[in-house]
Amino acid sequence: DSGVTQTPKHLITATGQRVTLRCSPRSGDLSVYWYQQSLDQGLQFLIQYYNGEERAKGNILERFSAQQFPDLHSELNLSSLELGDSALYFCASSANMYNEQFFGPGTRLTVL
Amino acid sequence: GEDVEQSLFLSVREGDSSVINCTYTDSSSTYLYWYKQEPGAGLQLLTYIFSNMDMKQDQRLTVLLNKKDKHLSLRIADTQTGDSAIYFCAEADRFGGSTLGRLYFGRGTQLTVWP
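Keep in mind the model is a prediction, meaning the values are calculated, not measured.

Calculation notes
- Residues numbered from 1 in each chain as written.
- Chains lettered and ligands numbered in written order.
- Predicted model: local features only at pLDDT ≥ 70, side-chain atom pairs only at ≥ 80, totals over all residues.
- Heavy atoms only, no water.
- Contact = heavy atoms within 4.5 Å.
- Buried area = accessible area lost by both parts, 1.4 Å probe.
- Salt bridge = Lys/Arg side-chain N within 4 Å of Asp/Glu carboxyl O.
- Helix = DSSP H or I, 4+ residues; strand = E, 2+ residues; numbered from the N terminus.
- Nonpolar A, V, L, I, M, F, W, Y, C, P; charged D, E, K, R; others polar.
- Polar contact = N/O pair within 3.5 Å; in protein donor to acceptor, adjacent residues only side chain to side chain.

Engineer: With reference to specific residues and values, describe the interface of chain B and chain A.
Structural biologist: With 17 residues of chain B at the contact, the number on the chain A side is 25 residues. With both chains or domains summed, chain B and chain A bury close to 1500 Å², and 54% of this area falls on carbon and sulfur atoms. Its largest share of buried area at the contact with chain A, chain B owes to L43, R102 and R107 of chain B, together 32% of the area lost on that side. Taken together, the connections running from chain B to chain A amount to zero salt bridges. Listing elements by their share of the side of chain B that touches chain A, those giving two or more residues are β4 (31-37), β5 (43-50) and β10 (98-105) of chain B. It is β10 of chain B that contributes the most residues to the side of chain B that touches chain A, six residues altogether. Split into classes, the residues belonging to the side of chain B that touches chain A amount to ten nonpolar, five polar and two charged.

Below is the structure:
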């Protein structure tokens, strides 16, 4: 157990819908990262937050957004969902911006 | 740092050593990581090495780094059936001489251990 929690574990929804994925980092970690894992793209970095502020953006679609709250938990919002958004979404946390990252168990999103 | 390459499959017999290979692209100093993913689970950090080191050993795991060839390997001694999983190599992003947080991952190597 890495100490990073993610909810829900599974999510099944329809095209065009909006969902919110939640992540709680390890106790004391200030940085949160979101990654998407799919069969065709592999593991792709989406976005990073540090102590409530966005620090880096990767291959994140405009339909996706994220935020990190004062209690350091983070949410990833995915809207206007398409079939191709079906993937495993991982959250990771690290002590600061540069330390090793610990991953949560992931949220499996299925868009029908 | 965006092109991290790994072979996709490796099969070994229980008790043998496994060697999983990876090549990366960034020539500047950076951190390189090995993660393990079991079916239906998240990524477990196994070990990491800074690019000014040649080798790091941690119990059954040995990481070797060839900076000239940008080649990283993970050796698992006395491989067990419980080591069957996907192993990912990852490189930390670099910009302007600083290590950034994002990781670039290879596609993963599926290790199968036969009894």
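Engineer: Any details on the side chain of S93 of chain A? Residues and values, ideally.
Structural biologist: Residue and element names in this part refer to chain A. Structurally, the position occupied by S93 is in strand β9 (residues 87-94). A polar atom in the side chain of S93 sits 3.2 Å from the backbone nitrogen of R26. Apart from the residues lying within four places of it in its own chain, the contact partners of S93 are V4, P25, R26, D29, S31, V32, Y33, E100, Q101 and F102.

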